[in-house]
Each structure stands twice: as C-alpha cells, then as structure tokens.
Amino acid sequence: MEQKLSEKRQRISTLGEIGLQQFAPYLMNRIMGRYNATLREDFRKQGLTIPQVRTLAVLSVTDGVTVNDLSVYTVIEQSTLSRTLDTLEGQGLVRREQGVTDSRFRHVFLTDDGRALFTRAWPAMHDAFEAMFDEVDDAEYAALIATLQKMLKNIRKHEI
C-alpha cells in the first residue's frame, strides 16, 4: 500500500509542469464544452436546452428513476433539474409519480411525446458523437471507456 501511494505522489506535480494539454480534467471539460456547443444551436431550433435533452436522453434509457438518481445521471444540480422537470412536465414530455413503496421519492417517466422529441434530437447527438471519435479505432474507444469507468469509480459518491 505504501508503495502504491508513493507511486501516485510521483505523478502529482504543478499544473504548469503537467500542462493543460496533458491535464485530463481540462481536456474532458473542453471536449464536453465543445460537444454541448455543437448541439446547442440544433436543440435551440427544437425549443430545447442542453439540460432538457440530457434529461430526455437519460430517461430514454433508464425510465422511471428517482429525481435524486436522475440528478446524478444527468449531472445536473437538483435546483436546475427541478426547473427542467417543471418545464418538461408542463410540455407533456415527462411525468412525475410518487414512489409506490415510499411516497417520499418521486419517479420520473418519459411520455410518448417526450420519447418522440428525444428521437428527433438523437441524430444530432449521434452525429456529434461520431465526429468526436473520428479516427479513433474500436480498441482505443474500448480502452477510453474502461479508463473513464475506472476514473468514475475512483471519484464516485453515488452507487450509480
């Protein structure tokens, strides 16, 4: 254990020594910022925001999650998510229901209209995803996903 800690300490240095182009959190922020910027205009034409589409996307895969879990999955703060859900529910795109076994928890479901809207938004998301991974082969992609999952496990505060 002591050996492992000292190996990790050797990797730590100043940001100036690492450099922005070698600092993974900086690169991840730039990538997601660019990805979102690419999609923002397309979504705006559909009357959607990034948080709204992120919410619809998660629900298209994991429908009926609690509001707390949805906040984790979407990486949206509770207050912003609450406003986002109010808007989506007002438009008939999602519905919230009290939990069957515990009424303190609210579960969020995608409506048919919400699913249809996400289906229209998905091609732009997929195109941006494909462009991001142009010239990245399957092995590189698999290695990246494995690394990102390890990183998420290292910093995880939630079970999901």
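Note that the structure is predicted; figures quoted are calculated from it, not measured.

A. Spotlight on the overall build of the chain. Counting its regular elements, the chain contains eight helices and three strands. When the helices and strands of the chain are read in sequence order from the N terminus, they spell out α-α-α-α-β-α-α-β-β-α-α. Against the globule reference of 15 Å for 160 residues, the chain gives a C-alpha radius of gyration of 19 Å, more extended than a compact globule. If you line up the chain on its principal axes, its C-alpha atoms span 55 × 40 × 30 Å.

B. Inspection of the packing of aromatic side chains at higher detail. Per the counting criterion, the structure on display carries four aromatic pairs. Residues Phe118 and Trp122 carry aromatic rings whose centres are separated by 6.1 Å and whose planes lie at 40° to one another, so their mutual orientation is tilted. A residue pair is termed a helical-turn pair when its members lie 3 or 4 positions apart in one helix, as Phe118 and Trp122 do in helix H7 (residues 112–132) at four residues. Trp122 sits in the partly exposed class, given a relative accessible area of 39%. For the ring pair Phe129 and Phe133, a centre distance of 5.3 Å and an interplane angle of 55° mean the geometry is tilted. Phe129 sits in the partly exposed class, given a relative accessible area of 27%. In textbook terms, an aromatic cluster arises when at least three aromatic residues are bridged by ring pairs, as seen for Phe129, Phe133 and Tyr141.

Criteria and cut-off values
Residues numbered from 1 in each chain as written. Predicted model: local features only at pLDDT ≥ 70, side-chain atom pairs only at ≥ 80, totals over all residues. Heavy atoms only, no water. Helix = DSSP H or I, 4+ residues; strand = E, 2+ residues; numbered from the N terminus. Rg over C-alpha atoms; globule rule 2.2 N^0.38 Å. Phe/Tyr/Trp six-rings, centres within 6.5 Å; stacked < 30°, edge-to-face > 60°. Buried < 20%, exposed > 50% of the residue type's maximum accessible area, 1.4 Å probe, protein only.

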